[in-house]
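Spelled out from the first residue to the last, the chains are:
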Amino acid sequence: MRLQEVVKDERRPREFDPREYISTWTEKDLLHGKVVDAWVIIFRTRGCYWARASGCSMCGYVNDVAQEVAPADIGHQLDVVLRKHSGQPLVKVYTSGNFFDDHEVPPEIRERILRELGDRCDKVIVETLSHLLRVDQLERAVQLADQLEVAFGLESTSERVLRYAVNKVWGLPEHAKAAALCHEAGASVKTYLLVKPPFLTERESIEDAVQSGHDADPYSDTISFNPVNVQSHTLVDRLFRRGEYRPPWLWSVVEVLERTHDLKAHVKSHPTAGGMVRGAHNCGKCDRAVVNAIEEFSLGLRKDFEDLRCDCKAVWSAYREAQGFMLGPSDPLAILET
Ligand code: SF4
Ligand SMILES: [Zn+2]
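Residues numbered from 1 in each chain as written. Chains lettered and ligands numbered in written order. Predicted model: local features only at pLDDT ≥ 70, side-chain atom pairs only at ≥ 80, totals over all residues. Heavy atoms only, no water.

Trainee: Just to check I follow, could you spell out the overall build of the protein chain for this structure?
Mentor: The helix and strand inventory of the protein chain stands at 13 helices and 8 strands. Its C-alpha radius of gyration of 20 Å places the protein chain within 12% of the 20 Å reference for a compact globule of 338 residues. Its C-alpha atoms give the protein chain principal-axis dimensions of roughly 55 × 45 × 35 Å. Across the 338 residues in the protein chain, those meeting the buried criterion constitute 56%. When contacts within the protein chain are restricted to residue pairs at least 6 apart in sequence, long-range pairs at least 24 apart make up 76% of them. Working note: accessible area of the protein chain is about 14900 Å², and carbon and sulfur atoms make up 51% of it. (Helix = DSSP H or I, 4+ residues; strand = E, 2+ residues; numbered from the N terminus. Rg over C-alpha atoms; globule rule 2.2 N^0.38 Å. Buried < 20%, exposed > 50% of the residue type's maximum accessible area, 1.4 Å probe, protein only. Contact = heavy atoms within 4.5 Å. Areas by Shrake-Rupley, 256 points an atom, 1.4 Å probe, with all protein chains shown as cover.)

What follows is the structure in structure tokens.
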């Protein structure tokens, strides 16, 4: 079975009310060098077109989308969520897909979202696949928000990793083109890169993330390293249940951040489910301290990780060596325990 079919085979579409947004919360982020409250809104749409066709191996967003969502439904979600604004100057808009896909977010509702949020917030961040971005959409969008940032899930700059591990068929060339469009229009660019897609060993995944960070740096204002977390009904979930995938060690995330310190882009990471078995984790004893350190680093509140210590750092080193002997990415500890 080909990777594209295996990924699709794991999907379990469910029914949702198209008038209910998925989630909203407030978190800390940087704006003009200062730590501020950032408002996150996840709208429910019909979801990412690529996830409907096949999808990325780690992406569980498709679990939350509705089958069909009319523009009026998204408008209703916006009306409801706007009442929750409490002065946050920065807003991040996600759709479990692509903000600039006209089939997912029709132009009239995209304009309304940008206008309403642009009126309330100093900076608006939206996310889309690079090849879906058109110059006319972008020029209109920058008129509606004082500061616009477009986030792209590049994931890796290695064609091999994108094709055989992530199941994505667009890479650095498309990213560079979209980033140039953004910069010409006056928008900034955030680049998401993965730490440890499936089928890569711990060591390979560190090298891939570090290399990808350097390759993407010329096209990025911010680079955010996303440690893969195990989401339901994904290929990663299937491998995880078979002991063939372990999310990255937090020590690996720390190494990636240390080795991309020289980039001109702002480098950050917010490990989703950090410290939990389905997220990036260490031994359990040091996880909270290491996650906190990564968050502090991302907010510019610490420069390095030299003060972090735990006995499990030696286990992490041995783990990386052991995978080399096993000639594969299986989880050596899971195999020893079963
Ligand atoms: S990671 Fe992004 S591009 Fe890939 S399936 Fe999910 S939403 Fe679509
Ligand atoms: Zn530890």
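Trainee: Honestly, the coordination of the zinc ion (ligand 2) in this entry has me stumped. Any pointers?
Mentor: Geometry sets the ideal angles at a metal, namely 109.5 degrees for four tetrahedral donors and 90 or 180 degrees for six octahedral donors. Protein-derived ligands of the zinc ion (ligand 2) are Cys283 (SG), Cys286 (SG), Cys310 (SG) and Cys312 (SG), with the metal-ligand distances lying across 2.3 Å. Each of the 4 donor atoms bound to the zinc ion (ligand 2) contributes to angles spanning 103 to 114°, and the resulting shape is tetrahedral. With a relative accessible area of 6%, cysteine 312 lands in the buried category. (Donors = N, O, S within 2.8 Å, 3.2 Å for Na, K, Ca; no water. Tetrahedral: all angles 85-135°; square planar, octahedral: opposite > 155°, others 65-115°.)

Trainee: When you look at the pairing of strand β1 (residues 23–31) in this model, what are you seeing that I'm missing?
Mentor: Looking down a regular strand, the side chains alternate between one sheet face and the other. Relative to strand β2 (residues 34–42), β1 is paired through 9 bridges, and the arrangement is antiparallel. Across the sheet, the residue bridging to threonine 26 is tryptophan 39, located in β2. The hairpin turn running from β1 into β2, its antiparallel successor, is 2 residues long, and histidine 32 in that turn takes a positive phi close to 50°. (Pairing = 2+ DSSP bridges.)

Trainee: Where do I start with the packing of helix α10 (residues 250–259) against helix α11 (residues 287–298) in this structure?
Mentor: For any two helices packed against each other, one specifies the inter-axial angle together with the distance between the axes. Close contact between α10 and α11 brings their axes to 10 Å; oriented N to C, the two are set at 25°. The angle between α10 and α11 places the two elements in the roughly parallel class. The two elements α10 and α11 cross, and the hand of that crossing is left-handed. Every residue of α11 that contacts α10 at Leu250, Trp251, Val253, Val254 and Leu257 is listed here: Asp287, Val290, Val291, Ile294 and Phe297. In the contact of α10 with α11, the residues fall into 9 nonpolar, no polar and 1 charged. (Axes fitted to C-alpha atoms, helices over the stretch in contact; angles between N-to-C directions. Parallel < 35°, antiparallel > 145°, perpendicular 65-115°, else oblique. Left-handed = near helix turned anticlockwise from the far one by under 90°. Nonpolar A, V, L, I, M, F, W, Y, C, P; charged D, E, K, R; others polar.)

Trainee: Help me understand the layout of surface pockets, please; the structure alone is not making it clear to me.
Mentor: It is a probe the size of a water molecule, rolled over the atoms, that shows where empty space is left. In this structure, the largest pocket spans a volume of roughly 1300 Å³. Surrounding the largest pocket, 46 residues form its lining, Tyr61, Tyr94, Glu127, Asn226 and Thr272 being those nearest its centre. Elements with a contribution of two residues or more to the lining of the largest pocket: β1, β2, α2 (49–53), β3 (90–94), β5 (147–155), β6 (188–195) and β7 (222–227). Among the elements that take part in the lining of the largest pocket, β1 stands out by supplying 5 residues, more than any other. Residue composition of the lining of the largest pocket, grouped by class: 21 nonpolar, 14 polar and 11 charged. (1 Å grid on protein atoms, 1.4 Å probe; cavity = no way out; pocket = protein on both sides within 12 Å on 5 of 7 lines; lining within 4 Å. Points joined across faces, edges and corners; volume = space filled by probe spheres on them.)

Trainee: Just checking my understanding: could you explain the site of ligand 1 for this structure?
Mentor: Close to ligand 1 lie Cys48, Trp50, Ala51, Gly55, Cys56, Met58, Cys59, Tyr61, Leu129 and Lys168, which account for all nearby residues. Cavity membership is defined here by more than half of the atoms lying within 2 Å of grid points; on that basis ligand 1 lies in the largest pocket. Broken down by class, the residue content of the shell around ligand 1 amounts to 8 nonpolar, 1 polar and 1 charged. (Near = heavy atom within 4 Å. Sits in = over half its atoms within 2 Å of the grid points.)

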